[in-house]
Amino acid sequence: MDNLSRRNVLKAGGALGALGALGVVAPAQASTEWTWSPAGSVAGTGVGADPRWVWDEEADRLVASLLDRGDVPKVNELLRTWTKNDQPLPAGLPADLRDFMERARRLPHWADRDKLATAVEFNEKRGLYLGVLYGLASGMMSTVIPKEARAVYYSQGGADMKDRISKTAKLGYDIGSRDAYQPGGEMIVTCVKTRLVHAAVRHLLPQSPYWTKAAEEEIPISQRDMMVTWHSLPTTVMQKLTAWEVPIPAAESEAFLHSWQLGGHLLGIKDEYIPVSWAEADAQAEQVLDPVLAPTPEGVDLADILLNLGADIDGGVLSKPVLGAFTRFLLGDRIAGWLHIPREPIWDPLLNAAWGPFIAVREGLLPFPLAPESYWLFDEFLRRAALLYLSEARPISIEIPDTNRPS
Ligand code: HEM
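Residues numbered from 1 in each chain as written. Predicted model: local features only at pLDDT ≥ 70, side-chain atom pairs only at ≥ 80, totals over all residues. Heavy atoms only, no water.

Per an unreviewed UniProt entry, the protein chain is named Secreted protein, and its organism is Amycolatopsis cihanbeyliensis.

Scanning the protein chain from terminus to terminus reveals 17 helices and zero strands. Carbon together with sulfur atoms contributes 55% to the accessible area of the protein chain, which is approximately 16,100 Å² in total. (Helix = DSSP H or I, 4+ residues; strand = E, 2+ residues; numbered from the N terminus. Areas by Shrake-Rupley, 256 points an atom, 1.4 Å probe, with all protein chains shown as cover.)

Okay, helix α5 (residues 113–141) next. Under the 1.5 Å per step criterion, the end-to-end length of α5 is only 31 Å for 29 residues, more than 12% shorter than the ideal 42 Å. The axis of α5 is deflected most strongly, by about 75°, at Gly 127. In terms of burial, α5 is a largely internal element, 21 of the 29 residues being buried. At the N-terminal boundary of α5, the capping side chain belongs to Asp 112, with an oxygen 2.9 Å from the backbone nitrogen of Asp 114. (Expected span 1.5 Å × (residues − 1). Bend = angle between axes of the 7 residues up to and from the residue. Buried < 20%, exposed > 50% of the residue type's maximum accessible area, 1.4 Å probe, protein only. Polar contact = N/O pair within 3.5 Å; in protein donor to acceptor, adjacent residues only side chain to side chain.)

Look at helix α11 (residues 250–266): 24 Å from first C-alpha to last across 17 residues, which is about the 24 Å you get at 1.5 Å a residue. In terms of burial, α11 is largely enclosed, as 13 of its 17 residues are buried. Looking one or two places after α11, you find Gly 268, whose phi comes out positive at around 100°.

This part covers the packing of aromatic side chains. Using the criterion set out here, one finds 12 aromatic pairs in the structure. When the ring of Tyr 153 is compared with that of Tyr 154, the centres are 5.1 Å apart and the planes differ by 75°; the resulting orientation is edge-to-face. Residue Tyr 153 is classed as buried on the basis of its relative accessible area of 16%. The class for Tyr 154 is buried, based on a relative accessible area of 13%. Across from the ring centre of Trp 53, 4.0 Å away, lies the NZ or CZ of Arg 52, which sits over that ring. (Phe/Tyr/Trp six-rings, centres within 6.5 Å; stacked < 30°, edge-to-face > 60°. Lys NZ or Arg CZ within 6 Å of the ring centre and 35° of its normal.)

Moving on: the packing of α5 against α11. Running from amino to carboxyl end, α5 crosses α11 at an angle of 85°, the nearest separation of the two axes being 8 Å. On the basis of their axis angle, the class for α5 and α11 is roughly perpendicular. Residues Lys 115, Leu 116, Thr 118, Ala 119, Glu 121, Phe 122, Asn 123, Lys 125, Leu 130 and Tyr 134 of α5 form the contact with α11, whose own contacting residues are Ala 251, Glu 252, Glu 254, Ala 255, Phe 256, His 258, Ser 259, Trp 260 and Leu 262. The class makeup of the residues in the contact of α5 with α11 is 10 nonpolar, four polar and five charged. (Axes fitted to C-alpha atoms, helices over the stretch in contact; angles between N-to-C directions. Parallel < 35°, antiparallel > 145°, perpendicular 65-115°, else oblique. Contact = heavy atoms within 4.5 Å. Nonpolar A, V, L, I, M, F, W, Y, C, P; charged D, E, K, R; others polar.)

A separate point is the side chain of Thr 194. Structurally, the position occupied by Thr 194 is in helix α8 (residues 187–204). Sequence-distant contacts of Thr 194, that is, excluding residues within four places in its chain, are made with Leu 171, Leu 267 and Ile 398.

Core analysis: the biggest nonpolar cluster contains 111 residues, and Met 101, Tyr 181 and Phe 256 have the highest contact counts within it. If sequence neighbours within four positions are ignored, Tyr 181 has contacts with Asn 85, Leu 107, Arg 113, Leu 116, Ile 175, Met 187, Ile 188, Ser 259, Leu 262, Gly 263 and Leu 266. (Core = buried A, V, L, I, M, F, W, Y, C linked by side-chain atoms within 4.5 Å.)

Although it is not a glycine, Ile 221 adopts a positive phi angle of roughly 55°. The topology assignment puts Ile 221 in the loop between α9 (209–214) and α10 (223–243). The class of Ile 221 is buried, set by a relative accessible area of 15%. A positive phi is found at Glu 245, a non-glycine position, where the angle reads about 60°. When you line up the elements, Glu 245 lands in the loop between α10 and α11.

With respect to the helices and strands, the residue Arg 103 is situated in helix α4 (residues 95–104). On the basis of relative accessibility, which here comes to 35%, the residue Arg 103 falls in the partly exposed class. Distance in space between the C-alpha atoms of Arg 103 and Val 192 is 10.0 Å, their sequence separation being 89 residues. Of the polar contacts made by the side chain of Arg 103, one reaches the side chain of Asp 99; its length is 3.0 Å.

Closest axis-to-axis distance for the α4/α8 pair is 10 Å, and the angle between their directions is 130°. In terms of orientation, α4 and α8 fall into the oblique class. The hand of the α4/α8 crossing is right-handed. On α8, the residues touching Leu 97, Phe 100, Met 101 and Ala 104 of α4 are Val 192, Arg 195 and Leu 196. Each residue belonging to the contact of α4 with α8 can be placed in one class, and the counts come to six nonpolar, no polar and one charged. (Left-handed = near helix turned anticlockwise from the far one by under 90°.)

So, about the environment of Trp 278. Within the fold, Trp 278 resides in helix α12 (residues 278–288). With a relative accessible area of 14%, Trp 278 lands in the buried category. Remark: the alpha-carbon pair of Trp 278 and Glu 254, spanning 24 residues in sequence, is separated by 7.9 Å. Leave out the neighbours within four places in its chain, and Trp 278 touches Pro 234, Thr 235, Met 238, Ser 253, Glu 254, Phe 256 and Leu 257.

This part covers the side chain of Ser 142. With respect to the helices, strands and loops of the structure, Ser 142 is situated in the loop between α5 and α6 (146–154). Here Ser 142 falls in the buried class, since its relative accessible area comes to 0%. Polar side-chain contacts of Ser 142 include one of 2.6 Å to the backbone oxygen of Gly 139.

Listed below in structure tokens is the structure:
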């Protein structure tokens, strides 16, 4: 593969990650009974209501009112200058919005500075794997989460997937950056803005004739949907790293979880639904994520857009097969089949045979002389994927939509 096409492959990987975070997926979500106990949450207690019927009351009411009042363009313009966690909110915001944002930007009492510092170490050590996993595991998985696929497809951002992906990539970049939740970081800002975006989508999508025809629910992005997407991110990533036998000290694993627990809280997920441990996260994911995965026309279309992202540079000749093979390798034959991803006679066997030893060499678990020939190829892929993942996340303004996708 020449440098140019490899670059494309990796660029596509980064973009995919963005998609995953976004909630780009779509249709009939099999609903299972909610039996997960709030005793396993960061709150430790709660009423235990099925989050399928819980949204984000305060934000939803407020943003619906901003939309009805025609305030959204002015608010977006003002918020473009609000980028850092410790920055005062811009003057001129409507008083009710300012009041809400001042509260929404506060870290919860359970935020743990030491864990956040350890999370920085983890993100720095594991940045290469994280880039690939956010991109190709979480990102492609988002296309087989029916409710997410449909919401993304029919909302305003669905009309320009590249732009949308770069905005979503921003969240993945911000949470992994050194000062994520520190005063000079941007993760708190990104989460609070995204919370407002989701609230707008809840108000707007029910007015889309296309979405109402395709969707099974009246109001999108429930607390349950948000946890489904959350599990497609950190839970899936940690499950893969564990399956690959990447050695991760317990403190780093907990710290990574903590950074995502905080992210969930700032996105408006209620503490009683956020798992307190990986064991609780795995149990919840088994209940809410695994059973809903399914193909939809919107998701298949989105996956195709994602797999073709490298085509700008190499016409898709190399990037598409490689991305397809990685998707099959990471998510399995069933999901690859749903997404109409063809089998790759060279890449499929190569990944199956060489990925395990490649990880073992990288982690110092296998002596270097036994490294497979593909070692450098994979290593180069990871490096470039991580780099491009970061470059996808160039500073971009997350804005509250005030329309749906036009058609
Ligand atoms: C927008 C992240 C859950 C649907 C966004 C954006 C981010 C994001 C960063 C801003 C990007 C932009 O403006 O385009 C996340 C994360 C989630 C989550 C981290 C869970 C932890 C969901 C779920 C759905 C969803 C569950 C739907 C079921 C959307 C839609 C938009 C959006 C439709 C954008 C609307 C537009 O501008 O057209 N999300 N999201 N998200 N998200 Fe999510």
